[in-house]
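# Tertiary structure, described
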Amino acid sequence: MTTMTQDEVIIIKIGGSSITNKATEETLNQHAIDWFAKLISASVHTSFLFRDKEEQEQQEEENHATNEKRKTKPKFVVVHGAGSFGHHSAKRYGLQCGKAALLKGGSLSPPTTAATDDDEKCKSSSNSSLQKRKRFQMEALSKTRHSVQKLNAAMVKSLLDQGVNACTISPGISLPGMRAYGRSCGSSSSSSSSSSTTTDTNAISGNDGSIAAMELLCQSINEALDAGLLPVVHGDACLLDENHAGILGGDTLVEGLVSSEKMKESVHKVIFISDIAGVFTSDPKINKDARLIRSLKVDVTTGEVTIDDGDGDDAAEMDVSGSSHAHDVTGGLKAKLGAAVTAVQCGKEVVIAKCCSTSAEKYIQGESSAEEGTLISRK
């Protein structure tokens, strides 16, 4: 079991498919939300609770037997996905995950037209078309962001009901320079460095302010933690550039947090709570013969991931093509593994476990092993 101190931070990313019914628009999984809130309340350091001192001391005594090897309880940063709050709207309007759009060569520039410099009529028509497109994109951003904030409000309310000083931190329009691809293109992760994208060099280098914006987000998170507030950050809709909107996914946010100068020293572990028990050899919702992979190893230099199950399987046998949810616009397991690789490259422990499982409870409470889940570590 790992010994932790109060100064160490654990990032918990809970997927939108775990806390919503992703197939039905704007439908909560209230049972899962309440399970998560109660678990956080029992596991977080008592300085983040607003129960009176007597209640806190009683809770500490009850947890002492199972936590005696831990120096103290940690701080948590919660990041949650959008699930059916946001993904349906994003799909309807054609919004993409900003990181995926950028790394796959998606354009950050206004669409080209057939207008020529000496054809004023065509130029006028083109400008009108661009304005309509921009208005459509901003409508998409506004409505998608409004939807995901409803889920965030439900999550924060449940945490408050459990006595946790939870506080929303919205990353989107709230932070100057924040873009839908986070700081992905300025990071050292293998997924960024190996990309052959043709997008503009400012975005790739982070000179557009995306890295500075992520540092501002981390500063806000640190200030909340120092004040005894538990930050609840959500996947968001935000600008891709001045004319386009996109999705800033929760996994992209996790990548930004673990690689930030302001947080990389304090973050100890990243726990992904999913709607499946970990990483499988293929999608277990489709293939009943899919096998749970208990351990993955990451080459921190190349970012290569290999299976460490002791049976010689090769990582190429894993099917991580994406999500089985029709409305998922953020990349599913592939995006999650990308974030996990970045976290391991930054020296963090990573675990993936199933929502509402005893395994997830054990990992969040500080256990280093459980009946299920996938551990991801350095090779």
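Above this text you will find the structure in question.
Nothing here was measured: the structure is a model prediction, and the numbers come from that model.

### Thoughts on the overall build of the protein
Along the backbone of the protein there are twelve helices and 13 strands. Taking all 379 residues of the protein together, the buried fraction comes to 54%.

### Comments concerning helix H10 (residues 250-258)
In terms of burial, H10 is a largely internal element, nine of the nine residues being buried. Considered for burial, the residues of H10 that qualify are Gly-250, Asp-251, Thr-252, Leu-253, Val-254, Glu-255, Gly-256, Leu-257 and Val-258.

### Let's talk about the environment of Arg-145
Tracing the backbone shows Arg-145 in helix H6 (residues 120-161). We classify Arg-145 as buried; its relative accessible area is 13%. For the pair Arg-145 and Ile-247, spaced 102 residues apart in sequence, the C-alpha to C-alpha distance is 9.3 Å. When neighbours within four sequence positions are excluded, Arg-145 is seen to be in contact with Ser-170, Gly-172, Ile-173, Ser-174, Asp-236 and Ala-237. At a separation of 3.4 Å, a polar atom in the side chain of Arg-145 contacts the side chain of Ser-174.

### Side note on the sheet that holds strand S4 (residues 230-234)
Pairing in this open sheet of nine strands is mixed, and the strands run S3-S4-S2-S1-S7-S12-S13-S10-S11 from one edge to the other. The open sheet has two edge strands with one neighbour each: strand S3 (166-169) and strand S11 (305-307). Within the sheet, the average angular offset between the axes of one strand and its neighbour, ignoring direction, is 20°. As judged from the three bridges shared by strand S12 (residues 349-354) and strand S13 (residues 374-378), these two strands associate in the antiparallel manner. In the strand pairing of S13, Ile-352 is matched with Thr-374.

### With respect to helix H9 (residues 210-227)
With 18 residues, H9 should cover 26 Å at 1.5 Å per step; its first-to-last C-alpha distance of 26 Å lies within 8% of that length. For H9, every residue scored as buried is listed here: Ser-210, Ile-211, Ala-213, Met-214, Glu-215, Leu-217, Cys-218, Ile-221, Asn-222, Ala-224 and Leu-225. Gly-228 occupies a position one or two residues after H9 and carries a positive phi of about 90°.

Criteria and thresholds
Residues numbered from 1 in each chain as written. Predicted model: local features only at pLDDT ≥ 70, side-chain atom pairs only at ≥ 80, totals over all residues. Heavy atoms only, no water. Helix = DSSP H or I, 4+ residues; strand = E, 2+ residues; numbered from the N terminus. Buried < 20%, exposed > 50% of the residue type's maximum accessible area, 1.4 Å probe, protein only. Contact = heavy atoms within 4.5 Å. Polar contact = N/O pair within 3.5 Å; in protein donor to acceptor, adjacent residues only side chain to side chain. Pairing = 2+ DSSP bridges. Axes fitted to C-alpha atoms, helices over the stretch in contact; angles between N-to-C directions. Expected span 1.5 Å × (residues − 1).

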